[in-house]
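Here's the letter readout for the chains.
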Amino acid sequence: MNGLVAKGIARPHLSGALDITVASGEIVGLIGPNGSGKTTLLRALAGLTAGDGSIHINGTPLAAMTSSQRARRIAFMPAGRRVDWPMRVDDIVALSGAGGDAVAGALGRVGMSAFASRRVDTLSTGERARALLARVLAGNADWLLLDEPTANLDPGHELDVLAVLRAEAARGAGVLASFHNLALAETHCDRCVLMADGRIVAEGVPAAVLTDANLVAVYGIVRDGAGWRRSAS
Amino acid sequence: MSVLRLCLILGGVLIAVSAASLLVGDVPILRLMDSDPGLARMLIVELRLPRLVLAATAGAALGLSGAALQGLLRNPLASPDILGTSAGAALGAVMTAYFLGLSGTLAMAGGGIAGALLALVLLLALAGRGASSATLILAGVAISALGGAMMNLALALAPSPFAFYDIMFWLLGSFADRNLDHVRVGLPAMVIGSALLLTAARGLDALALGEDVAATLGHDVRTMRWRIVGGSAIAVGGAVAVAGIIGFVGLIVPHLVRPLVRNRPGPALLPSAVAGAALLVAADIIMRFPLNGKTLPIGVVTAILGAPFFLWLILSRRGTQA
């Protein structure tokens, strides 16, 4: 079966066994309140945690791949923006294993070309987030598992990142990314997966997932003009 | 600066200080070569060469271990001392001298290596297989404290004031009066440990982005962790066993080297080894000039110089990073 296919994933902080599929060329938004299990699921799919369930990439079990094979297939970006040493931005992007041209290209795609030789400790959090995303892009992996790729970004750069992810999907990559910005997920994702309390409670096209009933039940919010407000409970 | 160029420059410095180490001392070797070449040769081969080899390898082992541990634990304040290796080695040497009655230098050196390995086994047992870096540090601190306490107990129960003085002086660190026997005991441990450390260099840069990212970039974080912990225990155990506790070299050297390799922890390893060797050989030369008629133990001098550096490091980090 094609795609990144996970079946029966059970881990601490997840309830029961979860199934999730990401196809090549699509952007899947992973949404849900804090603590709903998004990061746990992303880490499990990246092969970082052991437990029940199976993960296949285009029919090949993830467990049967060597670590370098996995690294070429799957790129993972954690929500944390921490870099422990004041390394240069281009050196960080080069950790993907990419050569000089690919590093420069990836930095250009996130608007960070001018920062290539800057030390990462001199960047703002948002700039660092873009540099770390460039590291993921430079690896040219088939599957991008991104934990809150738009956190810490201003609205303009949020849209830029979504445009970059769309370009990744267009070249055939499958993107699974968690978001807290529901408007962004609604307008830019092909599908959404809504999580609550360690379970997947809805999935499908954004309009089918971000229904009034689901928003009240999972987030405790209702639509209010262009935004949201707390629902009366 | 490229790593190769940096290593060549530091290697040049190491060769220069090594030549000085063979020539400088109480006996003017160059003059002796004219009058009694046989004696000069014996002096160099039997006394100064072992001293040079031990100072260089101990410096390399300490500098390399410090750089590797700082990279692994992602903590610029990490040093070989924090995993309890030095304390274990020192305790092993003291126990060998006291309880086995083997106060020969060779037996104490062997006891030191055994103590370092024992401290490592204890660390593995305490921290567990999948231990995080924080757990490793805590277990190391606990082992250090235990080792220090046991050693003080042994010293308090010293059979004679002379034994007490001998052990204390030995522990303070020195390359004086070391011979080929010390090289035979210490060198293999330091070389094996250092080789193990160098094999772990590849993934250290990726580890700067966290263990998850390093793992998804194809690095086996767990293997890397145990190579560095084991390698530093063996290398530092060998160094302590033959030279006593020489503090702060493992802390300071990586800080001097890292900015020269664009703050990448992996490429800092090899230059840290060469710089550590050059630093300790140079320090050992300076130690040969007595102060007020007394020669200072090298460990005391590195501590006197290193402690203010450590303080500066903490003050410079205050408020910059959580």
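Residues numbered from 1 in each chain as written. Chains lettered and ligands numbered in written order. Predicted model: local features only at pLDDT ≥ 70, side-chain atom pairs only at ≥ 80, totals over all residues.

## Some details on the overall build of chain B
Which entries qualify depends on this criterion: Helix numbering and strand numbering both begin at the N terminus, where a helix is a DSSP run of H or I of at least 4 residues and a strand a DSSP run of E of at least 2. In this description the radius of gyration comes from C-alpha coordinates, and the expected globular size is given by 2.2 Å times residues to the power 0.38. Comment: burial labels come from other C-beta atoms within 10 Å of the residue's own C-beta, placed from the backbone, where a count of 20 or more is buried, 12 or fewer is exposed, and between is partly exposed. Placing a C-beta atom from the backbone of each residue, one calls two residues in contact when those atoms lie within 7 Å.
Along its length, chain B carries 14 helices and 0 strands. Start at the N end of chain B and walk to the C end: the helices and strands fall as α-α-α-α-α-α-α-α-α-α-α-α-α-α. Rg of the C-alpha trace for chain B: 20 Å, near the compact-globule value of 20 Å for 322 residues, within the 12% margin. Here the C-alpha coordinates of chain B stretch approximately 65 × 50 × 35 Å along the principal axes. The burial tally for chain B puts 50% of its 322 residues in the buried class. Sequence-distant contacts in chain B: of pairs separated by 6 or more residues, those separated by 24 or more amount to 81%.

## Topic: the environment of Ala50(A)
All names here are of chain A. In this structure, alanine 50 sits in the loop between α1 (38-45) and β4 (52-57). Look at alanine 50 and you get exposed, because 8 C-beta atoms sit within 10 Å. For the pair alanine 50 and tyrosine 219, spaced 169 residues apart in the sequence, the C-alpha separation amounts to 30 Å.

## Focus: the UniProt feature "domain: ABC transporter" (unreviewed entry) in chain A
For clarity, the threshold we go by: UniProt positions are given in the numbering used here, feature names are shortened, and annotations may be inferred rather than shown by experiment.
UniProt records the feature "domain: ABC transporter" (unreviewed entry) at residues 4-222 of chain A, using the numbering of this structure. As annotated, residues 4-222 of chain A comprises 36% helix and 24% strand, and the C-alpha atoms at either end are separated by 33 Å.

## Re the interface of chain A and chain B
To be explicit about the condition: Each residue gets one of three labels, nonpolar for Ala, Val, Leu, Ile, Met, Phe, Trp, Tyr, Cys and Pro, charged for Asp, Glu, Lys and Arg, and polar for the others, Gly among them.
Between chain A and chain B, the residue contacts involve 21 residues of the former and 17 residues of the latter. Looking at the side of chain A that touches chain B, the elements that each hand over two or more residues are α2 (67-73) and β6 (74-77) of chain A. In the side of chain A that touches chain B, the residues fall into 12 nonpolar, 3 polar and 6 charged.

## Let's talk about the pairing of strand β7 (residues 143-146) of chain A
Along a regular strand, successive side chains alternate from one face of the sheet to the other. Residues and elements named next belong to chain A. Definition in use: Strand pairing is assigned whenever DSSP identifies at least 2 bridges connecting the two strands. Here a crossover is taken to be right-handed if, once the strands point away from the viewer, the path from the first strand over the helix to the second is traced clockwise.
Residues Trp143 and Leu145 line one face of β7 and the alternating positions Leu144 and Leu146 line the opposite face, and both faces are buried. Direction of pairing for β6 relative to β7: parallel, over a ladder of 4 bridges. Across the sheet, residue phenylalanine 76 finds its bridge partner in β7, namely leucine 145. Both β7 and strand β8 (residues 174-178) contribute to a ladder of 4 bridges, which runs parallel. The residue bridging leucine 146 from the neighbouring strand is alanine 177, located in β8. A crossover connection joins β7 to the parallel β8 through helix α6 (residues 155-170); in handedness this β-α-β unit is right-handed.

## Considerations on the packing of helix α4 (residues 100-109) of chain A against helix α5 (residues 125-138) of chain A
For any two helices packed against each other, one specifies the inter-axial angle together with the distance between the axes. Residue and element names in this part refer to chain A. Worth spelling out the cut-off: Every axis corresponds to a line fitted to the C-alpha atoms, with the helix fit spanning only the stretch in contact, and the corresponding angles, defined between N-to-C directions, vary from 0 to 180 degrees. Here the word oblique covers every angle except those under 35 degrees (roughly parallel), over 145 (roughly antiparallel) and from 65 to 115 (roughly perpendicular). In this scheme the handedness of a crossing depends on how the near helix is turned from the far one: anticlockwise by less than a right angle means left-handed, clockwise means right-handed.
Here α4 crosses α5 at 130°, and the two axes come no closer than 8 Å. By the angle between their directions, the pair α4 and α5 is classed as oblique. Between α4 and α5 the crossing geometry is right-handed. Along its contact with α4, which presents Ala102, Val103, Ala106, Leu107 and Arg109, the element α5 presents Ala134, Leu137 and Ala138. Considered class by class, the residues forming the contact of α4 with α5 number 7 nonpolar, no polar and 1 charged.

## Some words on the sheet that holds strand β5 (residues 60-61) of chain A
Strand pairing in a sheet takes place through backbone hydrogen bonds and is either antiparallel or parallel in direction. Residue and element names in this part refer to chain A. Strand order in the open sheet formed by 4 strands is β2-β1-β4-β5, and the pairing between neighbours is antiparallel. A single partner strand is all that each edge strand has here, and the edge strands are β2 (18-22) and β5. In the packing of α1 onto the sheet, contacts are made with β1 (4-10), β2 and β4, and the angle to β1 comes to roughly 120°.

## What to know about unusual backbone geometry
The phi dihedral of Asp197(A) falls on the positive side, at around 50°, and the residue is not glycine. Mapped onto the secondary structure, Asp197(A) falls in the loop between β9 (191-196) and β10 (199-204).

## Focus on the pairing of strand β12 (residues 227-230) of chain A
In the sheet, strand β11 (residues 221-224) of chain A pairs with β12(A) via 4 bridges, with the strands oriented antiparallel. Its bridge partner being in β12(A), Arg223(A) is matched across the sheet by Trp228(A).

## Structural notes on α6(A)
Residue and element names in this part refer to chain A. Condition: Expected helix span is given by 1.5 Å per residue-to-residue step, counting one fewer step than there are residues. An arc is given here, and it is the one of the directions from the helix axis to the C-beta atoms.
Between its terminal C-alpha atoms α6 stretches 23 Å, which fits the 22 Å expected from 16 residues at 1.5 Å a residue. Of the positions making up α6, those classed as buried are Glu158, Val161, Leu162, Val164, Leu165, Glu168 and Ala169. Across the axial projection of α6, the buried residues extend over an arc of 155°, all falling on one side. More than 90 degrees from the buried face of α6, the exposed residues found are Gly156, Ala163, Ala167 and Ala170.

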